[in-house]
Amino acid sequence: MKFWQFGFLLFSFTLVAQGLPPIQNFSPSDYNGESQNWAISQSEDKTIFIANNKKLLQFNGATWTAYTSPNETVIRSVKVIEDKIFTGCYREFGYWQKNKFGQLEYTSLSQRLKLDLLPDEEFWTIMEIADWIVFQSLNRIYIYDINNDSVNIINSETKIPKIFEVNDRVYFQQMNRGIFKIENGKAILVNEELPLKNDEVINIFPSEGELLILTKHNGFYRSRADVLTKWFTASEQLLSSTSIYSGIQLIDKTFALGTISDGLIHLSSDGSLIRHIDQVQGLGNNTVLSLLQDFQQNLWLGLDNGISYLNLESPFKVFFDNKGITGSTYASMVSGDYLYLGTNQGLFYKRINQNEGFQLIAGTQGQVWSLNMIGQSLFCGHHTGTFLVQGDKVTRVASIPGTWKISEIAGKPDLALQGNYDGLYVLEKRNGLWRLKNKVEGFNHSSRYFELFKNQVFVNHEYKGIFRLQVDGSLTRATDVLVDTAIRGSNSGMVKYKGDLLYAYKQGIFKYDDQLQDFVKDETLSKGYTPEDYVSGKLILDRENDYLWMFTKSKILYFSSGKLTSTPIIGSIPLTEKVRNGIIGYESVSKLPGFDNYLFGTNSGYISVALNKLVERDFEVVINTAELTSNKTAQGKSIRLDILNEGKFRPDQNNIEISFNTAEYNRLLKPNYQFRLSDIYPEWSNWSEASHASFKNLPYGKYTFELRARVGESLSSNIASYSFKIDKPWYLTNAMIAIYTILGLFGIFMIHSAYKNYYHKSQQKLIEKNTRELQLAKARNEKEIIKIKNEQLKKEFKTKSKELAASTMSIVKKNQLLANIKAQLGALDTQGSSVNRLAAMIDKNLNQNDDWELFQEAFNNADRKFLKKLNKAHPNLSPNDIRLCAYLRLNLASKEIAPLFNISARSVEIKRYRLRKKMNLSPDENLVNYILGL
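The structure contained in this document is the topic of the report that follows.

The rules behind each value
Residues numbered from 1 in each chain as written. Predicted model: local features only at pLDDT ≥ 70, side-chain atom pairs only at ≥ 80, totals over all residues. Heavy atoms only, no water. Helix = DSSP H or I, 4+ residues; strand = E, 2+ residues; numbered from the N terminus. Buried < 20%, exposed > 50% of the residue type's maximum accessible area, 1.4 Å probe, protein only. Areas by Shrake-Rupley, 256 points an atom, 1.4 Å probe, with all protein chains shown as cover. Pairing = 2+ DSSP bridges. 1 Å grid on protein atoms, 1.4 Å probe; cavity = no way out; pocket = protein on both sides within 12 Å on 5 of 7 lines; lining within 4 Å. Points joined across faces, edges and corners; volume = space filled by probe spheres on them. Nonpolar A, V, L, I, M, F, W, Y, C, P; charged D, E, K, R; others polar. Axes fitted to C-alpha atoms, helices over the stretch in contact; angles between N-to-C directions. Phe/Tyr/Trp six-rings, centres within 6.5 Å; stacked < 30°, edge-to-face > 60°. Lys NZ or Arg CZ within 6 Å of the ring centre and 35° of its normal. Salt bridge = Lys/Arg side-chain N within 4 Å of Asp/Glu carboxyl O. Parallel < 35°, antiparallel > 145°, perpendicular 65-115°, else oblique. Contact = heavy atoms within 4.5 Å. Polar contact = N/O pair within 3.5 Å; in protein donor to acceptor, adjacent residues only side chain to side chain.

1. Observations regarding the overall build of the protein
Right, so step 1: The helix and strand tally for the protein stands at 14 helices and 65 strands.
Right, so step 2: Relative to its 934 residues, the protein shows a buried fraction of 49%.
Right, so step 3: For the protein, the exposed surface amounts to about 46,800 Å²; the carbon and sulfur share of it is 50%.

2. A look at the sheet that holds strand 33 (residues 359–360)
Right, so step 1: The four strands lie next to each other as 30-31-32-33, forming an open sheet whose pairing is antiparallel. The open sheet terminates on both sides in strands that have one partner only, identified here as strand 30 (329–335) and strand 33.
Right, so step 2: With six bridges joining them, strand 31 (residues 338–343) and strand 32 (residues 346–351) adopt antiparallel strand pairing. The partner of Leu341 across the bridge, within strand 32, is Phe348.

3. Comments concerning the pairing of strand 49 (residues 518–521)
The two faces of a sheet get side chains in turn, since along a regular strand they alternate between them.
Right, so step 1: The sheet contact formed by strand 48 (residues 508–513) and strand 49 spans four bridges and is antiparallel. Bridge pairing in strand 49 places Asp513 opposite Asp518.
Right, so step 2: Hairpin connection of strand 48 to strand 49: four residues between the antiparallel strands, including Gln517 at a positive phi of 50°.

4. Side note on empty space enclosed by the protein
Right, so step 1: Evaluation of the coordinates by the stated rule reveals two cavities of 30 Å³ or more.
Right, so step 2: Approximately 50 Å³ is the volume found for the largest cavity.
Right, so step 3: Tallied by class, the residues present in the lining of the largest cavity amount to two nonpolar, four polar and two charged.
Right, so step 4: Taken as a whole, the second largest cavity holds about 30 Å³ of empty space.
Right, so step 5: In terms of lining, the second largest cavity is formed by Leu417, Leu424, Val426, Val440, Val457, Val471 and Leu475.
Right, so step 6: Within the lining of the second largest cavity, the residues separate by chemical class into seven nonpolar, no polar and no charged.

5. Some details on the sheet that holds strand 8 (residues 92–98)
Right, so step 1: The sheet built from four strands is open, its strands ordered 6-7-8-9 with antiparallel pairing. Two strands bound the open sheet, and with one partner strand each, they are strand 6 (75–81) and strand 9 (104–108). Adjacent strand axes in the sheet meet at a mean angle of 25°, parallel and antiparallel pairs treated alike.

6. What about the packing of aromatic side chains?
Right, so step 1: Throughout the structure, instances matching the rule amount to 65 aromatic pairs.
Right, so step 2: Between the aromatic rings of Tyr547 and Tyr558, the centroid separation amounts to 5.2 Å while the plane-to-plane angle is 40°, which identifies the pairing as tilted. Placement of Tyr547 in strand 51 (residues 547–551) and of Tyr558 in strand 52 (residues 556–560) is noted, with a sequence separation of 11 residues between them.
Right, so step 3: Of the residues examined, Tyr558 reaches a relative accessible area of 16% and is grouped as buried.
Right, so step 4: Between Phe551 and Phe600, the ring centres sit 6.2 Å apart and the planes meet at 85°, which makes this aromatic pair edge-to-face. In this pair, Phe551 is assigned in strand 51 and Phe600 in strand 55 (residues 597–602), connecting sequence segments 49 residues apart. Judged on exposure class, the residue Phe551 and its partner Phe600 are both buried.
Right, so step 5: The ring of Tyr586 carries Arg448 above its face, with NZ or CZ at 3.9 Å from the centroid.

7. Some words on the pattern of salt bridges
Right, so step 1: Tallied over the full model, the rule gives 25 salt bridges.
Right, so step 2: Measuring nitrogen to oxygen at the nearest pair gives 3.4 Å for the salt bridge that ties Glu210 to Arg224. You can see Glu210 sitting in strand 19 (residues 210–215) and its partner Arg224 sitting in strand 20 (residues 220–224), a full 14 residues away along the chain.
Right, so step 3: Owing to a relative accessible area of 11%, Glu210 belongs among the buried residues under this scheme.
Right, so step 4: Ionic pairing is found between Lys393 and Asp392, a salt bridge with its closest N-O pair at 3.5 Å.
Right, so step 5: The class for Lys393 is exposed, based on a relative accessible area of 56%.
Right, so step 6: When salt bridges that share partners are traced, they join Lys46, Arg617 and Glu664 into one network.

8. Description of the packing of helix 12 (residues 894–901) against helix 13 (residues 905–918)
Right, so step 1: The contact between helix 12 and helix 13 brings their axes to 8 Å, and the two run at 100°. The pairing of helix 12 with helix 13 is recorded here as roughly perpendicular in orientation. The segment helix 12 lies against helix 13, with Ser894, Lys895, Ile897, Ala898 and Phe901 engaging Ala905, Val908, Glu909, Lys911 and Arg912.
Right, so step 2: Among the residues making up the contact of helix 12 with helix 13, the classes are represented as five nonpolar, one polar and four charged.

9. Quick look at the pairing of strand 2 (residues 39–42)
Right, so step 1: On strand 2, burial covers both faces: Ala39 and Ser41 on one face and Ile40 and Gln42 on the other are all buried.
Right, so step 2: Connecting strand 2 to the next strand, strand 3 (residues 48–52), in antiparallel fashion are five residues, including Lys46 with a positive phi near 75°.

10. Focus: unusual backbone geometry
Right, so step 1: Backbone geometry at Asp546 places phi at a positive 60°, although glycine is not the residue there.
Right, so step 2: Positionally, Asp546 belongs in the loop between strand 50 (540–542) and strand 51.
Right, so step 3: A relative accessible area of 28% places Asp546 in the partly exposed class.
Right, so step 4: Here Asp596, not a glycine, exhibits a phi torsion of approximately 55°, which is positive.
Right, so step 5: For Asp596, the location among the structural elements is in the loop between strand 54 (589–592) and strand 55.
Right, so step 6: Look at Asp596 and you get buried, because its relative accessible area is 10%.

11. As for the side chain of Glu428
Right, so step 1: Turning to its location among the elements, Glu428 is positioned in strand 40 (residues 423–430).
Right, so step 2: Within the structure, the side chain of Glu428 is placed 3.0 Å from the side chain of Arg430, a separation counted as a polar contact.
Right, so step 3: Among the polar contacts made by the side chain of Glu428, one reaches the side chain of Arg435 at a distance of 2.2 Å.
Right, so step 4: Setting aside anything within four residues of it in sequence, one finds Glu428 in contact with Asp414, Leu415, Leu433, Trp434, Arg435 and Lys437.

What follows is the structure in structure tokens.
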């Protein structure tokens, strides 16, 4: 290897070690295209367009869209002019334009103008000069006049590699002939010196009244008044050893050169090398076919295999150890002229102002935990012990395994306290040399975080809690050890800041209160993060600027003193945990030379940040497309919508997907989006990198989709919106509602009528029921009355019967008595008028009807219906027969009846016999039973 090549490689590695602008790479699978990318252009809305073999690529910062070339041939060139995207293909050129759906549609100029193109002609360059658009193939230049829609063709005798625009003039090279310019529609030879005949010209730049010409193999030339001179630069050897394929001059007058197989070369305006980036340093590919600096001064590279862009103006610089030399950075420090990195592979150093890469300091292989400055001494806390760092060498101070940290002891400059895996140790400086003095006995816990505060030593153990140690004056023994287990947490941290002892974990930042002897939450500092945003409580103090650093999921926080008050100011760097790729719980920060420049360790190197360049920038968010996903076309594709006008959809078209973007191309600060849908989702959604939103099964109504974006800490200057309306279903239209109203009123009327009839019938039924119940009650009452009357009648009947029986018996006895008296009188021997008169009176009394009338009245009262039934059944009966029947009804025997008739019992039997005859009773029928049965 030649010396200059070795020097270049060393310088290149040094540049990488200093950090590169963030690089974003896209592979063909990312953009769904082919590998080679021949040209790049940008529209006014910052959208990037790339000529990618047989596809035109469109990138808006969120999504890639690929359009197949119009004749399915290779696309060699692309140029955005106002709202048209002009492309040049194989035997074809024209322009693309967005339709109302946000899609590009192609119009062929070459076919419309009916141009007679050459066989195998391809169009490699497109440029705009005033009212003309120039298309360049390898054999012709076509000048299209926009005003009169005509074309002027300039032919070439030899190959035309490229055309160039310099001060509104078109220059081009004819191989083996020299440089020409176009004036009045004709080619005029400008310079025909040999270097411009044989070596391909890559680009021509204006430079202080002369032309600066970049060639493919021989670097730069200057042309003034047609005199060609070589421009020798500090990078001459590099340029003459590489093959340049593309080159542009950037806004800051530096040069970006794309090479074949050697990546990107970035030169200053005087030709000095700024950086050389190839695939090893993170570029997607080593062959750069096209270059573009966009509106935000990002540098885009169309590669032979993929696409890359560099954030040249980014406040961030990235050192990515893709070779695995340094490893993961756990600590960093600038001391003197050296930048030190403490990694999992050892302690590395480089001189800040010299062209060298990081080198390992001998004897430090293994895990480095910390770098601490005590006075003028730089200590390295290592897995194998403690080292004192001096330039590119180290001296072992202690061999106690696992040194987490070394801290100064206030008022004792010759002593230092260090925390180890197994407790605390004291270092002392004697005769200018540091050595291990003693272990603090009585405490054997891991002491990764410790602080001396108020004559006590506080040790934070993330699993056990916070230990508070009382140590004797000689720092040899812990006389008292207390542990607070109330606050403890994973990846918690502790630091002494501005005279306060701070402890940070998931629930916030706490300050030690000496009076309460407890940690109390600091509400101001705790505003920096929420429990959901917590990732690490490690607190890092920057003594130079008095910043206190902390890391969350969404950002890096730094606390600084207020200028007018003591209230801390919370600043932030919008680097997410994912982007910064740090070591959670082992984050590191160090101050770099310069104003507010800081280095943050990552898993594979570091990121440096210039805080003064963290400025907010205006940007806008736009809605790209809107699609209906409920209804499909015949080809099965979603229905694209006109986003320029309010949408109006059928009820079944209620699934909508909206895509959006902000054209911000920042490798480390990805845009985040937030949206809401009025009337249904009035609250803003959570921030997300997703560049689309879907809404399913929306009800009918009017909606406005609102969108805003955030890049870092900056909000978009606008709120994009899209309004649409989903019609009511047919069954909810006004006509149907009117019908429903009529039907409803009719239904109400019918229901009212039905209810009226129902209640009327119910009322009638109730009335009938009540009437029946009343009738039943009345019947029951009447029955009860009848029953009572019957009972009364029965009682009366019994009473009458008893009276009748008594009366009958009285008559019988009376008649018997009178008969006996008469018989006694007849037996008297003495006959006289008195006896006769007495006998006559007895006979008269026995024959009188008074007794019968009395009996008949009593009998009628007792058995009123009998005599009627008897008279009806046997009307031929005589009074005596009826009288006999009445006595038989009372079930009187013949001898009892005889006195009543004043006859003998025999005569009664005769009467009974005669009565049977009158009643026509058969011999078998019992007279008494028959009479009782009437």
